[in-house]
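Each chain is listed here by its residues.
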Amino acid sequence: MASISIEYILYEDVGMDPIALQAGYDLLGDGRPETLWLGIGTLLMLIGTFYFIARGWGVTDKKAREYYAITILVPGIASAAYLSMFFGIGLTTVEVAGMAEPLEIYYARYADWLFTTPLLLLDLALLANADRTTIGTLIGVDALMIVTGLIGALSHTPLARYTWWLFSTIAFLFVLYYLLTVLRSAAAELSEDVQTTFNTLTALVAVLWTAYPILWIIGTEGAGVVGLGVETLAFMVLDVTAKVGFGFVLLRSRAILGETEAPEPSAGAEAQAAD
Amino acid sequence: MTDTTTEQPPVLRTRSVIGLAVCLAIALGGIFVIPGFESQAGFGVTFWTMAALELLAMVGVAYFVLNLHEE
């Protein structure tokens, strides 16, 4: 009987991958122990999707419907991306100069991020009541961040890989700056509910999204300090928290309700009790 | 004081709902056509086509969500 493998592999050639920590369980028997984490990721994203659908069923508030439409689609597409990676779709190998073995890259992950990260930012922009120019700028820079990260992942020399990583990280810092200045200022003019929810979600995004470039640089696509199994596990935890956790905080908040449906302060306790 | 006005639920714009469904199909299709497309067109074309499809789907979702209801 196969068991969960947790191995520390010390490479003799100290190229880009000096130490690789592997973890996982080969569910499909095709030599990919990371399928355990991809399978769990698929399930958690599906649970999140159906929870948000059930929660939003029958919602009539105009503003709330917009948030539900976006927030349901985010884990919905992510679950499809995880399922595709589980079955080995969107997995490619890249020859990198100086590395003995070709790198295995799940580029379907970037397809998921290209679709989902701008939508998470759209949720925040709608919450802060940002204008369409601000939304467009934020989404454009975010897309640039993901595309340059993808180009970095597919580059063939370490210099090109790290240069594209740096480009992507600078784009991420710009997104973060925009969130913490322009959008926060816009949210500060709105109700206390909106400000609290916005600040919680922005903190969540700032912390979780910062972990992605760090994981990239220490993972198989960068220095190779951790192996594909651990990297996939870490990305799965980050993805589920950044998408389902984000949606959970957002959709539980009264801040998403429009003026016609927002309960009076005195009804707040009743609304919370109903949860 | 009792509010006697009855609020009508906002009417969904059919075109936007269909648009959202199409964008969802494009985003899902973009992921799952990768193996078949890659064997026909090669990696480079598949990579950029997939990226373009996902971006297009995302822009579509943003547009249709912002225009989800009848004015």
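Everything below is about the structure shown above.
Numbering of residues begins from 1 in every chain and follows the order in which that chain's sequence is written. Whichever chain is written first is A, and whichever ligand is written first is 1; the rest continue in order. The predicted origin of the model limits local features to residues at a pLDDT of at least 70 and limits the giving and counting of side-chain atom pairs to 80 or more, whereas totals for whole chains, interfaces and linings rest on all residues. Hydrogens are left out, water is left out, and the side-chain values use all remaining heavy atoms of the structure.

Turning next to the overall build of chain B. A helix here means a DSSP run of H or I that spans at least four residues, while a strand means a run of E at least two residues long, and both kinds are numbered starting from the N terminus. Within chain B, the secondary structure is distributed over 3 helices and 0 strands. Relative to the 2.2 N^0.38 estimate, which gives 11 Å for 71 residues, the radius of gyration of chain B is 19 Å and therefore markedly larger than a compact globule would have. Oriented by its inertia axes, the alpha-carbon framework of chain B measures out at about 70 × 20 × 15 Å. Think of it in three bands: residues with accessible area under 20% of the maximum for their type are buried, residues over 50% are exposed, and the middle band is partly exposed, with areas taken using a 1.4 Å probe on protein chains only. Among the 71 residues that make up chain B, the fraction classed as buried is 35%. Every radius of gyration here is taken over C-alpha atoms, with the globule rule written as 2.2 Å times N^0.38, N being the number of residues.

With 23 residues, helix H4 (residues 132-154) of chain A extends 33 Å from end C-alpha to end C-alpha; this agrees with the ideal 33 Å at 1.5 Å per step. Pairs of N or O atoms within 3.5 Å make up the polar contacts considered here, provided that, within protein, one atom can donate a hydrogen while the other can accept it, and that residues adjacent in sequence are counted only when both atoms are side-chain atoms. Its side-chain oxygen 3.0 Å from the backbone nitrogen of Thr-133 of chain A, Asp-131 of chain A forms the N-cap of H4 of chain A. One less than the residue count of a helix, multiplied by 1.5 Å, gives the span that helix is expected to have.

Below, the discussion takes up the packing of helix H3 (residues 108-127) of chain A against H4 of chain A. All names here are of chain A. Packing of H3 against H4 leaves a shortest axis separation of 9 Å and a crossing angle of 160°. In terms of orientation, H3 and H4 fall into the roughly antiparallel class. Read as a crossing pair, H3 and H4 show a hand that is right-handed. Contact residues: Tyr-110, Trp-113, Leu-114, Thr-117, Pro-118, Leu-121, Leu-122 and Ala-125 in H3; Ile-135, Leu-138, Ile-139, Asp-142, Ala-143, Ile-146, Val-147, Gly-149, Leu-150 and Ala-153 in H4. Its residues assigned to classes, the contact of H3 with H4 comprises 15 nonpolar, 2 polar and 1 charged. Fitted lines through C-alpha atoms give the axes, limited to the stretch in contact for helices. The angle between two N-to-C directions lies from 0 to 180 degrees. Reported orientations rely on four angle classes, namely roughly parallel under 35 degrees, roughly antiparallel over 145, roughly perpendicular from 65 to 115, and oblique for the rest. Note: crossing handedness is left-handed where the near helix turns anticlockwise from the far helix by less than a right angle, and right-handed where it turns clockwise. In this description, contact between two residues means that some pair of their heavy atoms is separated by no more than 4.5 Å. Residues are grouped as follows: Ala, Val, Leu, Ile, Met, Phe, Trp, Tyr, Cys and Pro are nonpolar; Asp, Glu, Lys and Arg are charged; every other residue, Gly included, is polar.

Moving on, we come to the nonpolar core. The nonpolar side chains of a soluble globular protein tend to be buried with one another. We define a nonpolar core as any set of buried Ala, Val, Leu, Ile, Met, Phe, Trp, Tyr and Cys residues linked to one another through side-chain atoms lying within 4.5 Å. Of all hydrophobic cores here, the largest spans 99 residues; its most connected members are Phe-115, Leu-124, Leu-183 and Trp-209 of chain A. Beyond its immediate stretch of four places on either side in the chain, Leu-124 of chain A contacts Leu-179, Leu-183, Phe-198, Leu-201, Thr-202, Val-205 and Phe-246 of chain A.

With that settled, consider the packing of H3 of chain A against helix H7 (residues 228-252) of chain A. All names here are of chain A. At a closest axis distance of 12 Å, the pairing of H3 and H7 adopts a crossing angle of 30°. Between H3 and H7, the crossing angle belongs to the class labelled roughly parallel. The way H3 lies across H7 gives a crossing that is left-handed. Counting all contacts with H3, which are made through Arg-109, Asp-112, Trp-113, Thr-116, Leu-120, Asp-123, Leu-124 and Leu-127, the residues of H7 involved are Thr-232, Phe-235, Asp-239, Ala-242, Lys-243, Phe-246 and Leu-250.

Attention now moves to the side chain of Thr-46 of chain B. Structurally, Thr-46 of chain B can be placed in helix H3 (residues 43-66). If we skip the residues at most four places from it in the chain, Thr-46 of chain B touches Tyr-107 of chain A together with Ile-34, Phe-37 and Glu-38 of chain B.

Stacked, tilted and edge-to-face are the three classes assigned to paired rings of Phe, Tyr and Trp, where Trp is represented by its six-membered ring and a pair needs centres within 6.5 Å; plane angles under 30 degrees give stacked, over 60 edge-to-face, the rest tilted. According to the stated counting rule, one finds 13 aromatic pairs over all chains in the structure shown. By the ring-pair criterion, three or more aromatic residues cluster together here, those being Tyr-107 of chain A together with Phe-43, Phe-47 and Trp-48 of chain B.

On to the pattern of salt bridges. Residue and element names in this part refer to chain A. Salt bridges are counted wherever a side-chain nitrogen of Lys or Arg sits within 4 Å of a carboxyl oxygen of Asp or Glu. Per the counting criterion, the structure on display carries 4 salt bridges over all chains. Arg-254 is paired through a salt bridge with Asp-193; the nearest N and O atoms lie 3.3 Å apart. Of this pair, Arg-254 sits in the loop between H7 and helix H8 (268-274) while Asp-193 sits in helix H6 (residues 192-218); the two residues are 61 residues apart in sequence, bridging distant segments of the chain. Using a relative accessible area of 28% as the deciding quantity, one classes Arg-254 as partly exposed. On the basis of relative accessibility, which here comes to 31%, the residue Asp-193 falls in the partly exposed class.

Residue-level contacts link 30 residues of chain B with 31 residues of chain A. Here the buried area means the combined drop in accessible surface, using a 1.4 Å probe, for two parts upon being joined, counting both sides. Counting the surface lost from both chain B and chain A, the interface buries some 2800 Å², and carbon and sulfur atoms represent 83% of this. It is Ile-31, Met-58 and Leu-66 of chain B that lose the most area in chain B upon contact with chain A, and together they represent 21% of the buried surface on that side. Connecting chain B to chain A are 0 salt bridges. Taken together, the connections running from chain B to chain A amount to 4 residue pairs in polar contact (both at pLDDT 80 or more). Those elements giving two or more residues to the side of chain B that touches chain A turn out to be helix H1 (14-32), helix H2 (34-41) and H3 of chain B.

Residues and elements named next belong to chain A. Side-chain alternation along strand S3 (residues 91-94) places Thr-92 and Val-94 on a buried face and Leu-91 and Thr-93 on a face that remains uncovered. Bridge count between S3 and strand S4 (residues 103-106): 4 bridges; the pairing is antiparallel. Among the inter-strand pairings, Thr-92 is bridged to a residue of S4, identified as Ile-105. Two strands pair if DSSP finds at least two bridges between them.

Okay, H3 of chain A next. Spanning 20 residues, H3 of chain A covers 29 Å between terminal C-alpha atoms, matching the ideal 28 Å at 1.5 Å per step. Of all 20 residues in H3 of chain A, 20 are buried; the element is thus mostly enclosed.

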